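Structural overview for review
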Amino acid sequence: MFKKALGALVVASSALALIGCSVQDSPLEKSEITVYAGRSEALVQPLIEQFQQDTGISVKVRYAGSAELAAQLLEEGNNSPADVFFAQDAGALGAVAKAGLMVQMPAEILGMVPSSYSAADGSWVGVSGRVRVFNYNPERVSSVPDSVFDLAAPEWQGRVAIAPTNASFQAFITAMRVTEGNERTAAWLLAMKTNAVIYEKNSAILEAVESGAVDAGLINHYYWFARGKEVGFANMNSRIGQFRAKDLGNLINAAGVGIIADSTAARSFVEFLLSETGQKYFVEETSEYPLIDGVSAGIDLTPLDQVPAPEIDLSDLDDLEATLKLIRDAGLI
Amino acid sequence: MAHLNISGLGKNFGKLEVLKNLNLDVRDLELVAVLGASGAGKSTLLRLIAGFEKPSSGTIELAGKQISSSTKIVSPEKRSIGIVPQDAALFPHLTVGQNIGFGLGALSQGQRSSRVSELLELVELTDFEDVRPEKLSGGQAQRVALARALAPKPEIILLDEPFSALDAELRARLRLDVKAILKAEGATAVLVTHDQEEALSLADRVAVLRNGEVVQVGSPTEIYNSPADVGIATFLGDSVLIDGKVVNGKLETALGLLTPLNSVTEGKSGLVAIRGENFYLQPNPKGEGEVVGQVFFGHDAVVEVLTRGVKIRARSNGPFAPEVGMKVTVWVRGAVNFYPA
Amino acid sequence: MRKPPAILVFLGVCAALLALVPIGYLGLRLVEGFDKAVAEILRFRTLELLGNTFLLVVSVSLGALVLGFIQAWLTTRSNIFLAPVFAVIATLPLAIPSYVLALGYISVFPNFSGFFASWLVLTLATSPFVFLAVSAALVRVDTASEEVARTLGLGRLAVLRKITWPQVRPAATASVLLVALYTLSEFGAIALLRYDTFTRAIYNAYRGSFDRTSAAALAVVLVLITLVVIWFERRYRGDYLENRPALGKRLRVDIGGLRFVAAALLVTVGVFSVFLPVFSLISWSIEGLGVIDFIIVINALWASVSLAVLAGLLIGVFATALAIWNVRYRSKWSEFFEGASWATHAIPAVVVGLALVFFGANVTPWIYQTTVMLLIAYLILFLPNALAAIATPIAQVSRNLEEVSQSLGTPANRTIMKVVLPIAWPGILAGMALASLAVLKELPATLLLRPTEINTLATRLWSATEDLAYSSAAPYALMLVIIAGLPALALNARARKALSEVKG
């Protein structure tokens, strides 16, 4: 009697497990997905159109800022119409993941990129890399400083621009905190309060350096390339450079993708971004770094191995919260 | 039976008692003028009759039906009461013809059209049908307002100081026209005014409103010749008050023995009201009166005379009025009113 | 007191309830983390930002009031030459979104930033509100009393202060209220000009730490400030005056040689508020001509215009209902509901957008990300704009007219349709035009709530500037300014018609 019951229980639970497995193995079939994309439509839409052509899956894309889309997803909660969230900043992805709105990224997808560029808990995967660079006016700045910490010196007062509300800057500060410690970070931030000119975003900093309003600034590399493509590299007034190898100022960051509503179509989309086609597109069109093996970075960019890989989980919000506290305490926000 | 019957009407605005215990009847086809000083409650009375305010006490009946009481009022659009406000209040977005036809929604297009033409002819504005109100003069606007109110043949028409905004000559002419128009239409009307001339010349009956009450109602001659009390006597016309005592059925005064108009009680003392037109001034170098002032109006004059210790004002013909400084004998013609103290 | 018709109450209550949805959302968020919220508000930086906001609001309000009043008085009452032209110039900034104005300046003066820059840009952007309201009021001022005052010994300035201003006060204060609340909620332009105000704290809160509780707490502070500002405005405004018939001819005041100075002043203002930004837009657009995809532009144009027209109509209906209810059948309830519709006016549009995202996705998903939801958002955001413009004309319709109409057999409700609305109609149209203008320029809420396929000129403009592609952004901005110029000119035509009543 006992054995029979036990046996039945075993059978039942295995059946359940099998069903659970099969849910995992064959997710919902869909022919149309909705992507919330915190990226530029002009830059990214052609790639998405390519995806539609290649797979026959139609994609409805909602373009807006990464932070706004994250806020929107948080408000929508479980009733969001989104299938995929494609964002420029890890904080946005992390916030959505932390709210439990993201589906675990399948292991085979996560395996396509080095783990440091994806969420530690596997909720989202990085698809393209960007690097922090030093943007400067060559008429006013003779050479790139050795280290980003040099910018704390008095001779830089009023000459360097930062965007403390920008996610990549905040990620950079998080990295600084983790590697150099809170004290050194706080000291550098205080020095920035005296030395730095505050801007809202990277693009504004680039504008300012280009027009001569400020001598230099800390931005993400692809802004400079985008501008060069628009007006012609020969017409650019400013240059970009990087600090000495492995300096914290050269931090690499990633744009990433998370799945909100699981389906083969959604997974195909992510896989497409990480395919050779997708990665090559990022290299050629947006001047970003590819993250998969087998695709090389653009010739103008510093190879990845000379750029220090962060040991931090970019999407850990608790880390971000502590970073923000430091930035606020310095009076920069 | 009275066409409009107001009984015991009272209205308070907060602590302010504007009308109290007001009684008034208006007969069919009659034009009643409610005469009162500013602030006496005339406009409030009209608004109560029209149904824009609710009485605090009393009732109003029209054509046998009760339309207002302190508990229930019939809404204005159901009352069949026309109003002509002080400033005409024509609808600025409609033409003259459309203004007049506004209340004729129940009629067919043809009927409305002919009624409008009828009224335009009545008010002598036949060519003005398509004109906009802003192009009309004051007098023309008032006529249109009257035509508009008359168009739906209301049970009664209320006119709120309709001539006060017009200049004197226009006023006189328009008054007569309005009376003729009302008669021609067979309308019953209540007109409120502070202008005595207007009330006396237009109305079939005059009701004097004072402190929220009707203190006297009568024909113009009755009201004028026999005011019920001193207040009314001095309000209407230009009266001089002198002391007097009833002696042998006559009034003993500084100006001599005068004949009383109203009934008097023997031995009583009080005030005698003498109108300016009761006086006759006879130029007389030995007269006891001396002319101390004169105001010349053209066709007549008011002459102030000091006689036997009393200063009187007499009406006289303009061109022949005694000059200042002349000596006159003062006679009192006709009977005068006596008000016991 | 007369009872208002049921339809007015229904529409008014609906409008107010909708306006309260964002407040309900804020309350919900607050409840989730009250202590944290309070801590956020009491941070020194927050209070510092509050101080900045206060400074900016007061200075912009005063600036817009002075500038708008001067422009209005010069064009309607003085004998300045080319008055109609200057009137058009004074109205045109309405067509230019403030962030476009800021961009225009920055492209010419790269270092243009900080408090003064923000004050200048916002004053120029909002003075048309005051100009339109004061112009309309000045035309109705009784000039006979001004002339009497002169004979009694008052100089020109004293007449302005003691006789003219009190008659213009209700219109002026209502428009300054709009200016103040606009400045409170404004973010885009002053972010570009790098002056941090309280809205910066809100943006940082939900963007930096995705902390909606703190963001909500800060937004509630803005709501409280709004209520205080509104309370002051109501006390100071005075009563609406009924329209008295013209008591005398309206003559223009001869300001003699000052005409040239005044004209120079108005021209300078025009250069800074209109010509400079439009010129910079045009030059950028010429660069970008080769890159434009005309189909996208046409689609965006169509979307912008149809949304603006639909929203204008919707807002017009609700605003008229609310105005009639509150002006003609005033009661404690009508005042409450009218006030409620203003309560959310100072909340940044992004917060209103998020509130509706929450509400839409979770409570009414069938309208989420549809045009209907977007129109509701516009109603919540811009009903007050229309209310201010519509209430005055309705108040000015004389009570006598309504009573006469009733005496002629037309019940109160139908009287509103047959008498009040036709007379107040030009004012109602003006209110709808103002609301439509605001809808054309709107960005943050549209980004959040639009159906995914729909893009307006404003959203296209935004995404182009995000890409730093100024030359492809400029054509959208230019088109937006041109389209928005149409209702702006219509509003001005109304003012000019009133001008034509002024002789001399």
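Please refer to the structure higher up on the page.
Residues numbered from 1 in each chain as written. Chains lettered and ligands numbered in written order. Predicted model: local features only at pLDDT ≥ 70, side-chain atom pairs only at ≥ 80, totals over all residues. Heavy atoms only, no water.

**Side note on the nonpolar core**
Counting 235 residues, the largest nonpolar core has A:Phe85, B:Leu4, B:Ile6, B:Leu22 and C:Leu449 as its most contacted members. Membership of the second largest hydrophobic core comes to 54 residues, among which are A:Tyr63, A:Val113, A:Val270 and A:Val295. (Core = buried A, V, L, I, M, F, W, Y, C linked by side-chain atoms within 4.5 Å. Buried < 20%, exposed > 50% of the residue type's maximum accessible area, 1.4 Å probe, protein only.)

**Remarks on the packing of aromatic side chains**
With the rule as written, the count across this model stands at 29 aromatic pairs over all chains. An angle of 40° between the planes, with centres 4.4 Å apart, marks the rings of B:Phe91 and B:Phe102 as tilted. One end of the pair, B:Phe91, is in the loop between strand 6 (81-84) and helix 2 (96-100); the other, B:Phe102, is in the loop between helix 2 and helix 3 (109-122), with eleven residues separating them in the sequence. A single burial state applies to B:Phe91 and to B:Phe102, both of which are buried. Consider the rings of C:Tyr378 and C:Phe382, whose centres lie 6.4 Å apart with planes at 25°: the pair is stacked. Of the two residues, C:Tyr378 and C:Phe382 are both situated in helix 16 (residues 371-396); the distance of four residues between them amounts to about one turn of the helix. One exposure class covers both C:Tyr378 and C:Phe382, and it is buried. In this structure an aromatic cluster arises from ring pairing among A:Phe134, A:Tyr136, A:Trp156 and A:Phe243. The ring of B:Phe91 carries the charged tip of B:Arg148 above its face, separated from the ring centre by 4.8 Å. In this arrangement the basic side chain of B:Arg275 is found over the ring face of B:Tyr224, its NZ or CZ atom lying 3.8 Å from the centre. (Phe/Tyr/Trp six-rings, centres within 6.5 Å; stacked < 30°, edge-to-face > 60°. Helix = DSSP H or I, 4+ residues; strand = E, 2+ residues; numbered from the N terminus. Lys NZ or Arg CZ within 6 Å of the ring centre and 35° of its normal.)

**Comments concerning the pattern of salt bridges**
Within this structure, the stated rule accounts for 39 salt bridges over all chains. In this structure, A:Lys60 engages C:Glu453 in a salt bridge whose closest nitrogen and oxygen atoms are separated by 3.6 Å. A residue pair is termed interchain when its members come from two chains, as with A:Lys60 in strand 2 (residues 58-63) and C:Glu453 in the loop between helix 19 (444-449) and helix 20 (457-466). Take A:Lys60: its relative accessible area is 31%, and that puts it in the partly exposed class. Through salt bridges with shared partners, one network takes in A:Glu200, C:Arg45, C:Glu48, C:Asp196 and C:Arg200. (Salt bridge = Lys/Arg side-chain N within 4 Å of Asp/Glu carboxyl O.)

**Structural notes on the sheet that holds strand 1 (residues 4-13) of chain B**
All names here are of chain B. Taken in spatial order, the four strands of this open sheet run 2-1-4-5, and their pairing is antiparallel. Across the chains shown, the open sheet's two edge strands, defined by having one partner strand only, are strand 2 (16-26) and strand 5 (65-69). When strand polarity is set aside, the average angle formed by the axes of neighbouring strands in this sheet is 25°. As paired strands, strand 1 and strand 4 (residues 57-62) are joined by five bridges and run antiparallel to one another. Paired with glycine 10 across the bridge in strand 4 is serine 57. Against the sheet, helix 1 (residues 42-50) contacts strand 1, strand 2, strand 4 and strand 5, and its axis sits at roughly 115° relative to strand 1. (Pairing = 2+ DSSP bridges. Axes fitted to C-alpha atoms, helices over the stretch in contact; angles between N-to-C directions. Contact = heavy atoms within 4.5 Å.)

**Comments concerning helix 11 (residues 276-285) of chain A**
Since the α-helix advances by 3.6 residues per turn, residues separated by three or four positions end up pointing in the same direction. Residue and element names in this part refer to chain A. Regarding helix 11, the residues found buried are Gly278, Gln279, Tyr281, Phe282 and Val283. Contact partners of the buried residues in helix 11: helix 2 (41-55), strand 3 (84-87), strand 4 (124-136) and helix 10 (264-273). Following helix 11 by one or two positions, serine 287 has its phi on the positive side, about 60°.

**Side note on the sheet that holds strand 6 of chain B**
Residues and elements named next belong to chain B. Pairing within the open sheet is mixed, and its six strands lie in the order 6-7-8-3-9-10. Every other strand in the sheet has two partners, leaving strand 6 and strand 10 (213-218) as the edge strands with one partner each. Strand after strand, the sheet turns through a mean of 20° between neighbouring axes, direction not considered. Pairing of strand 3 (residues 31-35) with strand 8 (residues 189-193) involves five bridges; the strand directions are parallel. Among the inter-strand pairings, leucine 31 is bridged to a residue of strand 8, identified as alanine 189. On the sheet, helix 4 (residues 138-150) packs against strand 6 and strand 7 (156-160) and is oriented at approximately 175° with respect to strand 6.

**Here we look at the interface of chain C and chain A**
When the parts of a complex come together, some accessible area is lost, and that lost area is often used as the size of the interface. The interface is formed by 39 residues belonging to chain C together with 42 residues belonging to chain A. Both sides together, the interface formed by chain C and chain A hides about 3,600 Å², and carbon and sulfur atoms give 49% of it. At the boundary of chain C and chain A, one finds four salt bridges. Between C:Arg460 and A:Glu41 there is a salt bridge whose closest N-O contact spans 2.9 Å. Our count for the chain C to chain A interface comes out at 16 residue pairs in polar contact (both at pLDDT 80 or more). Of all the elements in the fold, those that place two or more residues in the side of chain C that touches chain A are helix 1 (6-32), helix 10 (198-208), helix 15 (349-362), helix 19, helix 20 and helix 21 (470-500) of chain C. Grouping the amino acids of the side of chain C that touches chain A by side-chain chemistry returns 19 nonpolar, eight polar and twelve charged. (Buried area = accessible area lost by both parts, 1.4 Å probe. Polar contact = N/O pair within 3.5 Å; in protein donor to acceptor, adjacent residues only side chain to side chain. Nonpolar A, V, L, I, M, F, W, Y, C, P; charged D, E, K, R; others polar.)

**Examining the interface of chain C and chain B**
Listed per partner, the contact involves 17 residues of chain C and 18 residues of chain B. Interface area, chain C with chain B, both sides summed: about 1,600 Å², of which 65% is carbon and sulfur. Our count for the chain C to chain B interface comes out at four residue pairs in polar contact (both at pLDDT 80 or more). Taken together, the elements giving at least two residues each to the side of chain C that touches chain B come down to helix 17 (399-407) and helix 18 (412-441) of chain C. The element best represented in the side of chain C that touches chain B is helix 17 of chain C, accounting for eight residues. Of the residues in the side of chain C that touches chain B, the class split is eight nonpolar, six polar and three charged.

**Details of the pairing of strand 4 of chain A**
Residues and elements named next belong to chain A. Burial of strand 4 is extensive: 13 of the 13 residues sit out of reach of the surface. The sheet contact formed by strand 4 and strand 7 (residues 216-220) spans five bridges and is antiparallel. Bridge assignment links arginine 132 to a residue of strand 7, and that residue is asparagine 220. Pairing of strand 4 with strand 8 (residues 239-241), which is carried by three bridges, proceeds in the antiparallel orientation. Considered in strand 8, the bridge of tyrosine 136 is made with arginine 239.

**Considering helix 4 of chain B**
Relative to the 18 Å expected for 13 residues at 1.5 Å per residue, helix 4 of chain B spans 19 Å between its end C-alpha atoms, a close match to the ideal helical length. The element helix 4 of chain B is largely enclosed, with a buried count of eleven among its 13 residues. Looking at helix 4 of chain B, one finds that the buried residues are B:Gly139, B:Ala141, B:Gln142, B:Arg143, B:Val144, B:Ala145, B:Leu146, B:Ala147, B:Arg148, B:Ala149 and B:Leu150. Its buried side turned inward, helix 4 of chain B meets strand 6, helix 2, helix 3, strand 7 and helix 5 (168-185) of chain B together with helix 17 of chain C. (Expected span 1.5 Å × (residues − 1).)

**Quick notes on the side chain of A:Asn220**
Residues and elements named next belong to chain A. Along the chain, asparagine 220 turns up in strand 7. For asparagine 220, a relative accessible area of 2% corresponds to the buried category. Separated by 3.0 Å, the side chains of asparagine 220 and serine 168 make a polar contact.

**Quick notes on the environment of C:Thr226**
Residue and element names in this part refer to chain C. Mapped onto the fold, threonine 226 is located in helix 11 (residues 212-237). The class for threonine 226 is buried, based on a relative accessible area of 0%. The spatial distance from the C-alpha of threonine 226 to the C-alpha of tryptophan 73 is 29 Å, given a sequence separation of 153 residues. Within the structure, threonine 226 has its side chain in polar contact with the backbone oxygen of leucine 222 (distance 2.8 Å).

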